[in-house]
Amino acid sequence: MALAMASASLFAQVLDVASIEKIDIKGAGKSVVTGISPKGNYLLLSDAQLNGLAKYDLSTKTVEVISNARSAGMNVAISSDGNSLAYREDSYVDGLRYSDLKVRDLTSGESRQLAKGVRNLNAVSLQGKTAVMVAGGRMTKAATVGGRAARKTAPVASIVNSQLVLDVNGRTTTLSPNGTEHSYIWPSVSPDGTKVCYFVCGRGCYVCDLKGNIVAELGKLHAAKWLDNNTIVAMNDTDNGVVITSSAIVAASLDGKRQTLTDASMKAMYPYASADGKKVVFTTDEGETYMINIK
């Protein structure tokens, strides 16, 4: 079902949007989108607490359950070819959280456990046949199914003790460009590995280079994801202190342009963009899934 697009931009057009369509997902038992494949041919789904993980094929309309474990839908990593997933499975012992890191080859169906009982799992990245894990501010790497760990790895951003941390080939640096007195969330590295997008609590969304120099201030935008090397998609939401009262998906470019992509007919939240820049998916507060198709 195609919907009317937001009629006007806040400032200027960033994307050329073809349509917005509702994705009727049946049989998943999940309500939140937690990722989209690089080519936009499948979605990842979880429940509202990010427990469990399922893959929904947009072509065949079929669901494959990846995991039923707690936190499996949190910060799932997808390989650049879309054929592998790295995900966590959390458990609690005496009130402490421990994470197992697993990888699934979607082509063969084979799974492998890469780490067990990890405390403070901060970030996971899949780079070819190499899984990069940051835990407690330290990076480790392991080979995925049918692969061998690479000697060099791309930058991985994470949050450690509320600070923005960057790891490049095992060298860990605390960036925190806005000062260590602030708390940081929602970090992500640009596709070309040259910039980091992040949010400073109480201040807004920013982009910096790998040395921590701020290159863009994007304002009040939450849960930003890279669409390409110069564009992010995020949600612009308001609340009354208890619940979200409105939320729209926004595209913003690093040169200051900003465009609202959804209208006030829905509360659109937590967008994810395909690596080819052609699709953006999001979930509403009612648990419905929508896709923005970009020309």
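These numbers come from a predicted model, not from an experiment.

Draft legend 1. Seen up close, the overall build of the chain. The number of helices and strands found in the chain is zero helices and 27 strands. For a compact globule of 295 residues, the expected C-alpha radius of gyration is about 19 Å, and the chain comes in at 18 Å, within 12% of that figure. Over its C-alpha atoms, taken along the principal directions, the chain stretches across nearly 50 × 45 × 35 Å. Burial statistics for the chain: of 295 residues in total, 49% are counted as buried. Across the chain, contacts joining residues at least 24 apart in sequence account for 35% of those joining residues at least 6 apart. Per element, the accessible surface of the chain, about 13,800 Å² overall, is 47% carbon and sulfur.

Draft legend 2. Layout of the sheet that holds strand β11 (residues 121-127). An order of β11-β12-β13 is seen for the three strands of this open sheet, with the pairing classed as antiparallel. Looking at the sheet topology across the chains shown, the edges are occupied by β11 and β13 (138-143). Strand-to-strand twist of the sheet, defined as the mean angle between neighbouring strand axes without regard to direction, takes the value 20°. Sheet topology note: the strand β12 (residues 130-135)/β13 ladder contains six bridges and is antiparallel. Opposite Val132, over in β13, you have Lys141 as the bridge partner.

Draft legend 3. Fine view of the nonpolar core. Membership of the largest hydrophobic core comes to 18 residues, with the highest contact counts inside it found for Leu15, Ile249, Leu261, Val280, Phe282 and Ile292. At the level of elements, β2 (17-23), β22 (231-239), β23 (244-253), β25 (268-273), β26 (279-284) and β27 (289-294) are the ones that each hand at least two residues to this core. Ignoring anything within four residues of it in the chain, the contact list for Val280 reads Leu227, Val233, Pro271, Tyr272, Ala273, Tyr290, Met291, Ile292 and Ile294.

Draft legend 4. Region of the structure containing the side chain of Ser125. Note that Ser125 resides in strand β11. A residue is classified by how much of its surface remains accessible, and Ser125, at 16% relative accessible area, is buried. Ignoring anything within four residues of it in the chain, the contact list for Ser125 reads Ala77, Thr130, Ala131, Val132 and Val156.

Draft legend 5. Structural view of unusual backbone geometry. Phi at Leu50 is positive, roughly 65°, even though this residue is not glycine. You will see that Lys61, though not glycine, has its phi angle at about 60°, which is positive. Position of Lys61 among the secondary structure elements: in the loop between β5 (53-57) and β6 (63-67). Exposure remark for Lys61: the relative accessible area of 52% places this residue in the exposed category.

Draft legend 6. Summary view of the packing of aromatic side chains. On inspection of all chains with the given rule, the structure shows four aromatic pairs. Ring geometry for Tyr198 and Tyr206: centres 5.8 Å apart, planes at 15°, overall stacked. Residue Tyr198 shares its accessibility class with Tyr206, and that shared class is buried. Centre to centre, the rings of Phe282 and Tyr290 are 5.6 Å apart; their planes meet at 10°, and the pair counts as stacked. Note on Phe282: relative accessible area 0%, which makes it buried. Clustering of aromatic rings is evident, with ring pairs tying together Tyr184, Tyr198 and Tyr206. Taking NZ or CZ as reference, Lys55 lies 5.2 Å from the ring centre of Tyr42, over its face. Here the guanidinium or amino end of Arg119 rests over the ring plane of Tyr98, the centre of that ring lying 5.5 Å away.

Draft legend 7. Focus on the environment of Val118. You can see Val118 is positioned in strand β10 (residues 111-118). Judged by its relative accessible area of 12%, Val118 is buried. Taking C-alpha positions, Val118 is 28 Å from Gly212, a pair spaced 94 residues apart along the chain. Every residue in contact with Val118, bar those within four places of it in the chain, is listed here: Arg97, Tyr98, Ser99, Met133 and Ala135.

Conventions used here
Residues numbered from 1 in each chain as written. Predicted model: local features only at pLDDT ≥ 70, side-chain atom pairs only at ≥ 80, totals over all residues. Heavy atoms only, no water. Helix = DSSP H or I, 4+ residues; strand = E, 2+ residues; numbered from the N terminus. Rg over C-alpha atoms; globule rule 2.2 N^0.38 Å. Buried < 20%, exposed > 50% of the residue type's maximum accessible area, 1.4 Å probe, protein only. Contact = heavy atoms within 4.5 Å. Areas by Shrake-Rupley, 256 points an atom, 1.4 Å probe, with all protein chains shown as cover. Pairing = 2+ DSSP bridges. Axes fitted to C-alpha atoms, helices over the stretch in contact; angles between N-to-C directions. Core = buried A, V, L, I, M, F, W, Y, C linked by side-chain atoms within 4.5 Å. Phe/Tyr/Trp six-rings, centres within 6.5 Å; stacked < 30°, edge-to-face > 60°. Lys NZ or Arg CZ within 6 Å of the ring centre and 35° of its normal.

Note that every value here comes from positions in space, so none of it alone points to a role or purpose.
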